[in-house]
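Residue-level structural notes
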Amino acid sequence: MNTNLVWFRNDLRIRNNLALYYACKDSKSTVLALFISVPEQWKKNFISPRKTYLIYKNVVYLKKELMKLNIFLHYYESTTFIKSINYLVKFCKKNKVNKLYFNYEYEYLEKKRDIIAIQRIKNNFISSYGFHNSTLIQPGLITNQHGKMYKKYNCFKKKCIILLKNFSHTNFMPKKRNTLVKQSDFQISFFNFPIKKIYEQLFPIGEVKILRQLKLFFKKKIYDYDVNHNYFALDNTSMISAHLSIGVLSPLQCFSFFLKYHSNASKCSIEKCHWINELIWREFFKHLLYFYPNLSKQSIFCNWEQNIKWKNNLKYLNAWKHGKTGFPIIDAGMRQLKKLGWMHNRLRMITSSFLVKNLLIDWRKGEKYFMSQLIDGDLALNNGNWKWIASIGSNSMPYFRIFNPILQSKKFDKMGIFIKKYVTELKNIPSNIIHNPDLWNKHIREIIDYPNPIINLIDSKKTVLKIFKHAKKF
Ligand code: FAD
């Protein structure tokens, strides 16, 4: 009789978990589960306290759910990825594991960990089985005719959609074991990491609640998503990114929901659905990381980037981080990030563009700060988007495209509702002038405690254009 071990990492779910499903396929095998936390590693990787807390809560939840399948989740707190391998091997030997099941991760250090782990496992005569389960399509299957990753998003998207059209849904529900192999029980205590509580009404715990949230999104919000998803105050997006980032939800589950609840009801095609387009952006960045794991190290993608002379003014960087730039929409976005650990996508675009293309601060500093705050921090998506904004990544926008925070604010928060929610000092400023601090008279300035704009938008834009143009020509 085999003893199979499922090594849980970034896949904290039961449904649509290929590693768990295949480990349970043979009803006679004993199935064990293991999660190893690595707080020191997470600190080094700038993982935010909120994301870590979400992981903790979901590991506790997963343990209870696995118990219903008669599978015991073992837990161990290690320090780094490399050290966690020692425990994994020890665990396998102690429990006479024959087969190890896990889902792949594509980040540089995670890949390195897996290569070493698999070798050591093999040395102990244990077979290992890895599965691609964090993307819609297995990385490596969407390539150009030379087998290379597409650098243009549209080509990637086209091929991705062709493959998605052949998708047939399977739930991949693991088989329940006949009996629970009793183990000495222990409590999973919170990891050695600073605690920052999360808003559970926004980020519910456990896959059942998140599936319910996704269903609600499909029933109520997706119809207006194309029109409304850019309006910050409307709360019209799915809010699933945090769960995707730790694998409580899989992208294939999202796609199945789309097929079940949306495409049939509204006849909305895969090509035309804006929400699916966003999921394919996620896919694009994940596949990029699979092909270029060095992206994890904040490395350069376009050579001309090294010619950019960043100013890296620390005072500006701190003003940006703390939402005190004097530009209401930037400050509202940055304060939302601080308060919730989450920021609306358009605001992420506006605030990141402001950092890179108005303040001339190296995108790496912004990327790191976002990661340290985001509950949905995901290396592939964060890095991909920062590079896109900075115009130095794959399929980036042209360097001369710079978001104007005042115009964006007027367009997507016309009445200033979002600004007033997060920058409460401005609650009495009339909506027609709230977006542009240059329109505030002396009297307004005297009665509010709010900084003057730290830069002039027109001058800073001119400077950046000159510097980027020069860097590209060099
Ligand atoms: P919805 O609008 O409902 O979209 C559904 C899903 O599509 C999202 O959950 C996400 O998985 C994917 N998606 C949406 N927008 C994008 C995008 N621009 N790029 C790639 N995938 C997308 N997202 C993260 O999950 N983690 C990050 O660390 C992250 N960093 C970002 C940094 C910057 C500078 C920018 C501009 C965007 C970043 N995003 C990141 C993408 C995006 O902002 C979030 O995924 C989105 O706001 C999450 O909210 P939602 O789940 O309600 O999204």
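This text follows the structure it describes.
Residues numbered from 1 in each chain as written. Predicted model: local features only at pLDDT ≥ 70, side-chain atom pairs only at ≥ 80, totals over all residues. Heavy atoms only, no water.

1. Quick notes on the nonpolar core
One finds Phe8, Phe35, Trp275 and Trp320 to be the most contacted residues of the largest nonpolar core, which totals 141 residues. Sorting elements by how many residues they give to this core places helix α10 (residues 274-291) first, with 9 residues. Residues contacting Trp275, with those up to four places away along its chain left out, are Leu214, Phe217, Phe218, Ile222, Tyr225, Ser238, Ile240 and Cys254. Residues Leu5, Phe91, Leu100 and Ile121 belong to the second largest nonpolar core, which totals 17 residues. (Core = buried A, V, L, I, M, F, W, Y, C linked by side-chain atoms within 4.5 Å. Buried < 20%, exposed > 50% of the residue type's maximum accessible area, 1.4 Å probe, protein only. Helix = DSSP H or I, 4+ residues; strand = E, 2+ residues; numbered from the N terminus. Contact = heavy atoms within 4.5 Å.)

2. Digging into the packing of aromatic side chains
Describing an aromatic ring pair means giving the distance of the ring centres and the angle of the ring planes. This structure, assessed with the given rule, holds 50 aromatic pairs. Ring plane angle 50 degrees and centroid distance 6.4 Å describe the contact between Tyr22 and Phe172, whose orientation is recorded as tilted. Placement of Tyr22 in helix α1 (residues 18-23) and of Phe172 in the loop between α6 (153-165) and α7 (207-228) is noted, with a sequence separation of 150 residues between them. Residues Phe257 and Tyr261 carry aromatic rings whose centres are separated by 5.4 Å and whose planes lie at 45 degrees to one another, so their mutual orientation is tilted. Taken together, the residues Phe257 and Tyr261, both in helix α9 (residues 251-266) and 4 residues apart, mark about one turn of the helix. Here Phe257 and Tyr261 have matching classes, each one buried. Of the aromatic side chains, those joined through ring pairs into one cluster are Phe35, Trp42, Tyr53, Tyr56, Tyr75, Phe190 and Phe191. Stacked on the ring of Tyr290, the Lys or Arg Lys111 has its end atom at 4.8 Å from the ring centre. (Phe/Tyr/Trp six-rings, centres within 6.5 Å; stacked < 30°, edge-to-face > 60°. Lys NZ or Arg CZ within 6 Å of the ring centre and 35° of its normal.)

3. Considering the sheet that holds strand β1 (residues 3-8)
Taken in spatial order, the 5 strands of this open sheet run β3-β2-β1-β4-β5, and their pairing is parallel. Two strands close off the open sheet at either side, each with one partner strand: β3 (72-77) and β5 (127-131). Mean inter-strand twist for the sheet, computed between neighbouring axes without regard to direction, equals 25 degrees. Direction of pairing for β1 relative to strand β4 (residues 99-103): parallel, over a ladder of 3 bridges. Residue pairing for β4: Asn4 is matched across the bridge by Lys99. Strands β1, β2 (30-37) and β3 of the sheet are contacted by helix α3 (residues 49-68), whose axis makes an angle of about 150 degrees with β3. (Pairing = 2+ DSSP bridges. Axes fitted to C-alpha atoms, helices over the stretch in contact; angles between N-to-C directions.)

4. Quick notes on unusual backbone geometry
Look at Phe46: it is not a glycine, yet its phi comes out positive at around 65 degrees. Structurally, Phe46 is set in the loop between α2 (39-44) and α3. Residue classification places Phe46 among the partly exposed residues on the basis of a relative accessible area of 35%. Not every positive phi belongs to a glycine, and Asn312 is a case in point at roughly 50 degrees. By relative accessible area, which is 33% here, Asn312 ends up partly exposed.

5. Side note on the site of the ligand
Around the ligand lies a shell of 28 residues, among which Tyr225, Thr237, Ser238, Met239 and Asn345 are the nearest. Contact distances for the ligand include 3.4 Å between a nitrogen atom and a side-chain N or O atom of Glu278. Burial of the ligand by the protein amounts to 98% of the accessible area it has alone, namely 820 Å². Breaking the shell around the ligand down by element, the ones donating at least two residues are α8 (241-245), α10, α13 (345-357) and α15 (379-390). (Near = heavy atom within 4 Å. Polar contact = N/O pair within 3.5 Å; in protein donor to acceptor, adjacent residues only side chain to side chain. Areas by Shrake-Rupley, 256 points an atom, 1.4 Å probe, with all protein chains shown as cover.)

6. As for the pairing of β1
The element β1 is largely enclosed, with a buried count of 6 among its 6 residues. Residue alternation in β1 divides its side chains into two sets, Thr3, Leu5 and Trp7 and Asn4, Val6 and Phe8, and both sets are buried. Across 6 bridges, β1 lies against β2 in parallel orientation. Of the residues in β2, the one forming a bridge with Phe8 is Phe35.

7. Focus on α13
Counting along an α-helix, one turn takes 3.6 residues, and residues three or four places apart therefore face a common direction. Between its terminal C-alpha atoms α13 stretches 18 Å, which fits the 18 Å expected from 13 residues at 1.5 Å a residue. Within α13, 12 of the 13 residues are buried, which leaves it mostly tucked inside the rest of the structure. By the burial criterion, the buried members of α13 are Arg346, Leu347, Arg348, Met349, Ile350, Thr351, Ser352, Ser353, Phe354, Leu355, Val356 and Lys357. (Expected span 1.5 Å × (residues − 1).)

8. Thoughts on the packing of helix α12 (residues 328-340) against α13
Between α12 and α13, whose axes approach to 9 Å, the crossing angle comes to 115 degrees. Of the possible angle classes, the one that applies to α12 and α13 is roughly perpendicular. By crossing handedness, the relation of α12 to α13 is classed as left-handed. On α13, the residues that touch Ile329, Ile330, Gly333, Met334 and Gln336 of α12 are Leu347, Ile350, Thr351 and Phe354. Looking at the contact of α12 with α13 residue by residue, the class counts come to 6 nonpolar, 3 polar and no charged. (Parallel < 35°, antiparallel > 145°, perpendicular 65-115°, else oblique. Left-handed = near helix turned anticlockwise from the far one by under 90°. Nonpolar A, V, L, I, M, F, W, Y, C, P; charged D, E, K, R; others polar.)

9. Comments concerning α10
Taking 1.5 Å per residue, 18 residues should reach 26 Å; α10 reaches 26 Å between its end C-alpha atoms and fits that length. Judged by how many residues are buried, α10 sits mostly within the fold: 14 of 18 residues are covered.

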